[in-house]
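# Geometric and topological summary
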Amino acid sequence: MESLRERVLQRRSEPKNSVHLDPARTPRHVAIIMDGNGRWAQRRWLPRAAGHRAGVAVLTPILETAGEAGVKAVTLYAFSTENWVRPEEEVHTLMELFLQTAKGKVPELHERGARLRFLGRRERLPEPVCEAIQHAEELTKNNDKLDVYVALNYGGRSEIVDATRRMISDGLSPEEVDETTFARYLYAPEAPEVDLVIRTSGELRVSNFLLWQIAYAEFYVTDTLWPDFSSEEFLRAIEWFGSRSRRWGGV
Ligand code: FPP
């Protein structure tokens, strides 16, 4: 029998063939920790910035494949609240890269029907980055093919703190705070539950990513460094997810 990977890859070369996937076995929301850009560059005697640039090049094929495979939402971990401690030059390069990526890729993603949302604290981001975020969110807000969440100056703990602060400032009583209410105060309350987390570069860590949302997620960790991560491997992760038996705490 043809595998999901073969079907999607075949469809990409022959767009007229449609793929019929079992929605029950396809993750609705995939969250990705794009790790290993620095090591990818080091192995080639290149500056770390070259690794980040190579990491950006991977985004379009992965998002396209996600949409074709029936995934409804993808969250990308682009910059954490802890990443500010990196050398100033690298932080600056990353911010410039976010800006360039927004300019270069947002129109393309918009054409393909992606809705972009940014998760994280905006206050520390440079003004041009905030403007690009606002523009991207506004431009794509009515799209419905794929939701793309970009976690930028994002921390799972900050998100929980921010949700708590907003519940307090809304005057909620302790009795009103339960899991359903809490989830409504997260950065993207409309996003479906995260089903699958993919982490590249082999590290077995959560790194402060979506701490609330990954409660029942499956974890796919690969040694592949992010710039080498391919559509084919993405589909392998989706297939692997389909083989998992999810019990949600039951038997
Ligand atoms: C981790 O690799 C990667 C990052 C901190 C940045 C990720 C950013 C991109 C792929 C580019 C922009 C993305 C968007 C969505 C605009 P690392 O530097 O920690 O690698 P290392 O662990 O090998 O040093």
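My aim in this report is to walk through the structure given alongside it, one point at a time. (Residues numbered from 1 in each chain as written. Predicted model: local features only at pLDDT ≥ 70, side-chain atom pairs only at ≥ 80, totals over all residues. Heavy atoms only, no water.)

## Description of the packing of helix H3 (residues 48–69) against helix H8 (residues 231–242)
Cut-off, in case you're wondering: All axes here are fitted lines through C-alpha atoms, helices being fitted over the stretch that makes contact, and every angle between N-to-C directions spans 0 to 180 degrees. The secondary structure listing takes helices from DSSP runs of H or I that are at least 4 residues long and strands from runs of E that are at least 2 residues long, numbered from the N terminus. With respect to orientation, any angle under 35 degrees is reported as roughly parallel, any angle over 145 as roughly antiparallel, any angle of 65 to 115 as roughly perpendicular, and every other angle as oblique. The sense of a crossing depends on the near helix, which, turned anticlockwise from the far helix by less than a right angle, makes the crossing left-handed and, turned clockwise, makes it right-handed. By the convention used here, residues are in contact when the closest approach between their heavy atoms is within 4.5 Å. By the convention adopted, Pro, Cys, Tyr, Trp, Phe, Met, Ile, Leu, Val and Ala count as nonpolar, Lys, Arg, Asp and Glu as charged, and the other residues, Gly among them, as polar.
At their nearest, the axes of H3 and H8 sit 9 Å apart, and the two run at 40° to each other. If you check the angle between H3 and H8, you find them oblique. The element H3 and its partner H8 pack so that their crossing is right-handed. From H3, Pro-61, Ile-62, Thr-65, Ala-66 and Ala-69 reach across to H8, where they touch Ser-231, Phe-234 and Leu-235. When its residues are assigned to classes, the contact of H3 with H8 shows 6 nonpolar, 2 polar and no charged.

## Some remarks on the side chain of Glu-137
Locating Glu-137 in the fold gives a position in helix H5 (residues 127–140). Filtering out sequence-adjacent residues up to four positions away, Glu-137 remains in contact with Leu-116, Arg-117, Phe-118 and Arg-122.

## What about the site of the ligand?
Applied cut-off: We define proximity as follows: a residue is near a molecule or strand when any one of its heavy atoms falls within 4 Å of that partner. Identification of polar contacts relies on pairs of N or O atoms within 3.5 Å, with a donor-acceptor requirement for protein atoms, meaning one able to donate a hydrogen and the other able to accept it, and with residues adjacent in sequence counted only if both atoms are side-chain atoms. With residues, only the protein chains shown are counted as cover, and all accessible areas are computed by Shrake-Rupley using a 1.4 Å probe.
In the region of the ligand, 18 residues are neighbours, and Asp-35, Gly-38, Arg-39, Arg-48 and Arg-86 sit closest. Within the side chain of Asp-35, a nitrogen or oxygen atom sits 3.1 Å from an oxygen atom of the ligand. One of the side-chain N or O atoms of Arg-86 is found 2.7 Å from an oxygen atom in the ligand. Surface burial for the ligand is 89%, taken as the share of its 620 Å² of free accessible area covered by protein chains. Sorting the residues of the shell around the ligand by element identifies helix H2 (37–42), H3 and helix H4 (88–111) as the ones contributing at least two each.

## A look at H4
The test is simple: To estimate how far a helix should extend, the number of its residues minus one is multiplied by 1.5 Å. The angle between axes fitted to the seven residues ending at a residue and the seven residues starting there is what we call the bend at that residue. Relative accessibility decides the category of a residue: with a 1.4 Å probe and only protein chains considered, values under 20% of the type maximum give buried, values over 50% give exposed, and everything between is partly exposed.
End to end, H4 covers 35 Å across 24 residues, agreeing with the expected 34 Å (1.5 Å per residue, within 8%). Considering bend angle alone, the principal kink of H4 is centred on Lys-105 and spans about 40°; proline Pro-107 follows within four residues of it. Every buried residue of H4 is listed here: Glu-90, Val-91, Leu-94, Met-95, Leu-97, Phe-98, Leu-99, Thr-101, Ala-102, Lys-105, Val-106 and Leu-109. Elements that come into contact with the buried residues of H4 comprise H3, strand E2 (73–80), strand E3 (114–119), H5 and strand E4 (146–154). Gly-113 sits one or two positions beyond H4 and adopts a positive phi of about 85°.

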